[in-house]
Amino acid sequence: MEIDCSTPDAAAAETAAPAPLPVGSRLLHIGPHKTGTTSIQGALFAARDAMAEHGVVFPAPSRHPMEAALGVCARPGMMGETKPTEGHWQRLVDLVHATGKRTSVVSSEFFADAPDDETIARIVDDLGRDRVHVLITLRPLAKIMPSQWQQYVQNGLRMGYEDWLTHMLRKAPYEKPNPSFWRRHRHDRLVERWARVVGAENITVVVVDDSDRGGLMRTFESLLGLPDGLLEEVPDTANRSLTLAETEMLRKLNMEFRGNGLPDELYSKLVRGGAVMHMKNTCRPAPGDARISTPVWALEAAAGIGAEMAGRIGAMGVRVLGDPALLSVVPAVVPAPEGAAPAGARIAPEVAAQALYGALAVAAAAPARRAAPVRTVHQTSSRELVRVLGHRVLKRLKRT
């Protein structure tokens, strides 16, 4: 099934390589999430020396200046991590201005979380309003939803996938449990917010075609005036999506973690930075591992929203690269029936072992320190024991 989203404006989207931006432009890529941001950030960072030879600067000190984007948007960091500050943003601004009259590029999907017009205006003004060109990358919601759900689970979400879809698509005001989802992925409103501040003529929207793996790299090369093939995808196992079994294991762990009142900092260090990271880096999903499957009703709802978004974006006067009709395609898959138990959601013993080892390795890296017991173990409830143990491990980690 495919829902037609073509309009006279949307159908006129460009398919040829775009002309380079004027020399000295500051290309600001704002994502949103799950639209190829990690791949392009890795490629830009890896090619920063080669780009400099062609007059293009990647000023961020790391692949992804996440703290700077979160800081200027007044957003908290990941669960249990240090809150980004104004200083993070100011350091990035200083680095951008240090590029002088050369072309530069900054990329963070967290800019899409800018809460209001004032924040967007501040971002653009700080970077140099007369030189900023905003790039927004889009993918179909049907492909974003499972990936975004498992990412939320990696940040502590305890809700199952179909229940989460119901809240996002069927339960107004569609803001629980993750109000950031539609802030990021109601793409027509995202484009509208930024166009209202910077002007439609200063925005390029790219509809990412997953069948053309190098297409997004070529678009960045064209806009930045770089030679073909300079940007190449950098393998990143830490960015791979979790399988259904891995996500379900983590979700159940989140439920236990919250139920026992353990501190968020412990989750960041032991679970996300230990168990999940080690599991991603050491375990490759097997061909038979079940992937996260979206039910038909949600795919069709996503396609309908995609058609509406494509039509509205096409009428805004922004430059659109790629085929907007991709946003309204229902994937040709056979999803599991509604309410059916997840098939193949059993995690392999070696995967569970690697996850457990990752958490233990982080804990073991902290120096041991004996504390005199105030009461015996037999006098303490199991839930309180877990909580006390969590706080003690966290103290060790902080000392390191």
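Check the entry above for the structure.
These remarks concern the structure in this document. (Residues numbered from 1 in each chain as written. Predicted model: local features only at pLDDT ≥ 70, side-chain atom pairs only at ≥ 80, totals over all residues. Heavy atoms only, no water.)

**A few points about the overall build of the protein**
Scanning the protein for helices and strands turns up 15 helices and six strands. The buried share of the protein, taken over its 400 residues, is 48%. A separation threshold of at least 6 residues defines the contact pool for the protein, and within that pool the share at least 24 residues apart is 83%. (Helix = DSSP H or I, 4+ residues; strand = E, 2+ residues; numbered from the N terminus. Buried < 20%, exposed > 50% of the residue type's maximum accessible area, 1.4 Å probe, protein only. Contact = heavy atoms within 4.5 Å.)

**Remarks on unusual backbone geometry**
That bond from Gly31 to Pro32 is cis: its omega, 10°, falls within 30 degrees of zero. Positionally, Pro32 belongs in the loop between β1 (26–29) and α1 (37–46). Its identity as a non-glycine residue notwithstanding, Tyr174 has a phi of 65°, on the positive side.

**Considerations on the pairing of β1**
Going residue by residue along β1, you find Arg26 and Leu28 tucked away on one face and Leu27 and His29 tucked away on the opposite face as well. Across four bridges, β1 lies against strand β3 (residues 103–107) in parallel orientation. Residue pairing across strands places Arg26 opposite Ser104, the latter belonging to β3. Pairing between β1 and strand β4 (residues 132–138): four bridges, direction parallel. In the sheet register, Leu27 faces β4, and the bridge partner there is His133. (Pairing = 2+ DSSP bridges.)

**Section: the pattern of salt bridges**
In this structure the tally under the stated criterion is 17 salt bridges. Note that Arg75 is salt-bridged to Asp113, the shortest N-O span being 3.9 Å. Separated by 38 residues along the polypeptide, Arg75 in the loop between α3 (66–72) and α4 (86–97) and Asp113 in the loop between β3 and α5 (117–127) bring together distant segments of the chain. Classification of Arg75 by relative accessible area gives partly exposed; the value is 29%. (Salt bridge = Lys/Arg side-chain N within 4 Å of Asp/Glu carboxyl O.)

**Some details on the packing of aromatic side chains**
Enumeration according to the criterion identifies eight aromatic pairs in this entry. Taking the centre distance of 6.0 Å and the plane angle of 75° together, the rings of Trp89 and Phe111 count as edge-to-face. Within this pair, whereas Trp89 is found in helix α4, its partner Phe111 is found in the loop between β3 and α5, the two being separated by 22 residues in sequence. Under the relative-accessibility criterion, Trp89 is labelled buried at 0%. (Phe/Tyr/Trp six-rings, centres within 6.5 Å; stacked < 30°, edge-to-face > 60°.)

**As for the environment of Phe220**
Take Phe220: it is sitting in helix α10 (residues 215–224). Judged by its relative accessible area of 0%, Phe220 falls in the buried class. Taking the C-alpha atoms as reference points, Phe220 and Pro18, separated by 202 residues in sequence, lie 9.2 Å from one another. Once residues within four sequence positions are removed from consideration, Phe220 is found in contact with Leu27, His29, Ile40, Leu44, Val105, Leu135 and Leu231.

**Some thoughts on the packing of helix α6 (residues 141–153) against helix α7 (residues 161–169)**
With their axes 11 Å apart at the nearest point, α6 and α7 run at an angle of 110° to one another. One finds that α6 runs roughly perpendicular with respect to α7. Crossing handedness for the pair α6 and α7: right-handed. Counting all contacts with α6, which are made through Met145, Pro146, Trp149 and Tyr152, the residues of α7 involved are Tyr161, Trp164, Leu165 and Leu169. A per-class count over the contact of α6 with α7 returns eight nonpolar, no polar and no charged. (Axes fitted to C-alpha atoms, helices over the stretch in contact; angles between N-to-C directions. Parallel < 35°, antiparallel > 145°, perpendicular 65-115°, else oblique. Left-handed = near helix turned anticlockwise from the far one by under 90°. Nonpolar A, V, L, I, M, F, W, Y, C, P; charged D, E, K, R; others polar.)

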